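Architecture at a glance
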Amino acid sequence: MKTQPGQPPIELTETTLSSLLAGLHQNKWRASQLLEQCLSNADHHDDPANQVYTARFDRTARAEAAAVDALQKGGVPLGELAGVPIALKVLFDVAGEVTHSGSKWWDKQAQSDALIVSRLRRAGAVITGHTNMTEFAYSGLGLNPHYGTPANPLAPGRISGGSSSGAAAAVAHGMAAAAIGSDTGGSVRIPAAFCGLVGFKPSQQRIPRDGVFPLSQSLDSIGPIAHSVECCARLDAVMAGEPWQKAAPIDLRGRRFVVPANYMLDDLSPGVAEAFASSLRTLRDNGAQIVETQVPVLDTLPELMENGGLSAAESYHVHRHWLQQHGEEYDPRVRQRLERGAGISAADYLELLQRRAARKKQADQWLSAYDGILAPTVPVEPPLLAELESDAEYGRLNMLVLRNPTVANLLDLCAITLPNHQDGALPSGLMLIGRNGLDSSVLGIAQAVENVLIRSTY
């Protein structure tokens with residue numbers, strides 16, 4: 001069911017899930033109309049040479065939307081996401097579809113939905129398709145030589161970020177109301193920040209990873225990309241198997257945040273530095289206490305990433321046999337990173353796990369005195385595609401882009417990015433990092449931060 005003649009298109013590039021759901025419940029539109037608007041946006045914006053969607057599920061999505069419409073017409077109570085079009089990064093199993101994880105040679109069809117996909121469906125979400133990504137999720141830049149690299153919807157000629165590149169581009173273009181990605185070192189938060197969106201990385205144990213193509217079992221987590229903190233909280237609750245409740249307003253007065261004077265503020269671009277400083281001024285003006293100090297545990301993180309660290313060791317374990325059989329079919333840049341894991345011995349790996357456990361404990365104890373860490377999500381604005389043509393510059397920018405968001409993965413914390421750039425400026429993000437298990441608290445504080453940042457732009 002397309003938008004009726006004379007009815008304006010349903011705006012999806014800035015609309016929150018609450019607004020969409022309210023419109024559905026008030027009969028302003030139907031689930032089928034929401035879906036058709038997403039499909040129309042995909043027809044208009046998606047580039048076959050640089051795909052946002054690597055597979056669209058138009059037939060099944062239309063059936064799901066029609067089912068929601070029929071239930072609503074019959075007065076049947078609807079699920080908490082009923083009729084909301086959601087895109088999935090192509091490492092989540094969808095029954096009958098190939099979970100190729102950005103690869104060209106992987107062709108095994110999923111027999112059942114990933115657990116989080118089942119939960120989204122039970123909540124009434126309409127699954128629109130699989131979105132593009134860095135091959136096997138192994139980069140923060142989002143380039144893919146097989147399916148192309150989605151262009152940044154806010155900054156033409158620049159990358160959308162990775163590895164969940166297509167997920168963020170789909171939401172920013174209105175091809176879906178929200179998307180689900182994975183985050184091993186920032187792969188939800190980097191593209192969210194680069195595309196002017198909100199992205200949430202939960203505590204790792206919060207969201208089950210059954211039916212998700214792995215990169216690193218120690219670091220992988222699953223999170224949403226959407227237009228607001230509340231959108232992300234809704235999606236997070238559904239995926240965690242918990243009821244969602246609207247957050248009570250939080251006052252930032254007296255809240256204590258730490259800004260690391262080391263590590264996370266190194267090598268900031270002028271634009272990111274200016275946006276970050278402006279955000280801190282706004283938060284201080286609204287009563288937040290911000291302490292700028294050295295954070296000793298951050299200086300120990302490079303030792304956890306030597307020779308590729310846990311990501312290299314654990315991803316090589318997954319791919320070691322496939323590399324022998326299909327090595328020439330991998331993205332060479334991804335293959336190079338995977339093969340570093342071959343040089344990490346069992347003793348080295350066990351030592352890494354022990355070191356990380358100690359650093360996690362140190363970070364949790366240290367962070368207990370604060371309501372969270374504040375830092376730029378990424379030290380630079382989205383790089384130009386042309387900057388990434390040389391392997392040397394690709395490697396340098398990849399490590400720089402990953403540096404700040406990886407902190408939350410290595411230390412097993414939860415984190416969220418909020419857009420904090422001014423109108424007309426290149427996109428950037430403000431990241432709030434909180435203690436493991438305090439996801440609801442972090443989301444509530446993030447919503448208060450979001451509110452004052454939005455007010456400050458008017």
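Residues numbered from 1 in each chain as written. Predicted model: local features only at pLDDT ≥ 70, side-chain atom pairs only at ≥ 80, totals over all residues. Heavy atoms only, no water.

1. Some points on the environment of V401
As a reminder, the rule being used: Put simply, DSSP H or I for four residues or longer makes a helix, DSSP E for two residues or longer makes a strand, and each gets a number counted from the N terminus. Contacts are assigned to residue pairs with any non-hydrogen atoms lying within 4.5 Å of each other.
You can see V401 is positioned in helix 12 (residues 391-410). Among residues more than four places away in sequence, those in contact with V401 are G140, L141, I190, F194, V378, P379 and V380.

2. Some thoughts on the pairing of strand 4 (residues 178-182)
The test is simple: Exposure categories follow from relative accessible area, calculated using a 1.4 Å probe and restricted to protein chains: below 20% of the type maximum is buried, above 50% is exposed, and the middle band is partly exposed. We treat two strands as partners when DSSP finds at least two bridges between them.
The element strand 4 is largely enclosed, with a buried count of five among its five residues. Relative to strand 4, strand 2 (residues 85-89) is paired through three bridges, and the arrangement is parallel. Pairing of A87 across the sheet is with A179, part of strand 4.

3. Concerning the nonpolar core
Let me state the cut-off plainly: Side-chain atoms within 4.5 Å link the members of a nonpolar core, which is a set of buried Ala, Val, Leu, Ile, Met, Phe, Trp, Tyr and Cys residues.
One finds L120, I180 and I416 to be the most contacted residues of the largest nonpolar core, which totals 87 residues. Formed by 24 residues, the second largest nonpolar core is a distinct cluster that contains L298, L301, L304 and L413.

4. Re the packing of helix 9 (residues 309-326) against helix 10 (residues 332-339)
For any two helices packed against each other, one specifies the inter-axial angle together with the distance between the axes. Condition: For helices, the axis comes from a line fit to the C-alpha atoms of the stretch in contact; other axes are also lines fit to C-alpha atoms, and the angle between any two N-to-C directions lies between 0 and 180 degrees. Just so you know how the angles are binned, under 35 degrees is roughly parallel, over 145 roughly antiparallel, 65 to 115 roughly perpendicular, and the rest oblique. Following the grouping adopted for this structure description, the nonpolar residues are Ala, Val, Leu, Ile, Met, Phe, Trp, Tyr, Cys and Pro, the charged ones are Asp, Glu, Lys and Arg, and the polar ones are all others, Gly among them.
Packing of helix 9 against helix 10 brings their axes to within 8 Å, and their N-to-C directions diverge by 115°. Classified by the angle their axes make, helix 9 and helix 10 are roughly perpendicular. Of helix 10, the residues touching helix 9 (which contributes A312, S315, Y316, H319 and L323) are R335, R337, L338 and E339. Of the residues in the contact of helix 9 with helix 10, the class split is four nonpolar, two polar and three charged.

5. Regarding the pattern of salt bridges
For clarity, the threshold we go by: Any carboxyl oxygen of Asp or Glu within 4 Å of a side-chain nitrogen of Lys or Arg constitutes a salt bridge here.
In this structure the tally under the stated criterion is 20 salt bridges. Residues R359 and E303 are paired through a salt bridge, measuring 3.1 Å at the closest nitrogen-oxygen approach. Of the two residues, R359 is situated in helix 11 (residues 346-367) and E303 in the loop between strand 8 (289-293) and helix 9; the sequence distance between them amounts to 56 residues. A salt bridge links R396 to E393; the shortest N-O distance between them is 2.7 Å. One end of the pair, R396, and the other, E393, are both in helix 12, three residues apart, so they sit about a helical turn from each other. Note on E393: relative accessible area 24%, which makes it partly exposed. Within the structure, one salt-bridge network assembled from shared partners comprises D43, R56 and D58.

6. Remarks on the sheet that holds strand 9 (residues 372-376)
Judged by pairing direction, the sheet is mixed, and its 11 strands sit side by side in the order 1-3-2-4-6-5-10-11-9-7-8 without closing on themselves. Two strands close off the open sheet at either side, each with one partner strand: strand 1 (53-56) and strand 8. Sheet twist, expressed as the mean angle between neighbouring strand axes with direction ignored, is 25°. The pairing of strand 10 (residues 414-419) with strand 11 (residues 429-434) spans six bridges and is classified as antiparallel. Within strand 11, the position partnered with T417 by the bridge is M431. This element, helix 7 (residues 229-240), spans strand 2, strand 4, strand 5 (198-201), strand 6 (222-226) and strand 10 of the sheet and lies at about 145° to strand 6. Running over the sheet, helix 8 (residues 270-285) touches strand 7 (256-260), strand 8, strand 9 and strand 11 and is turned about 145° from strand 9.

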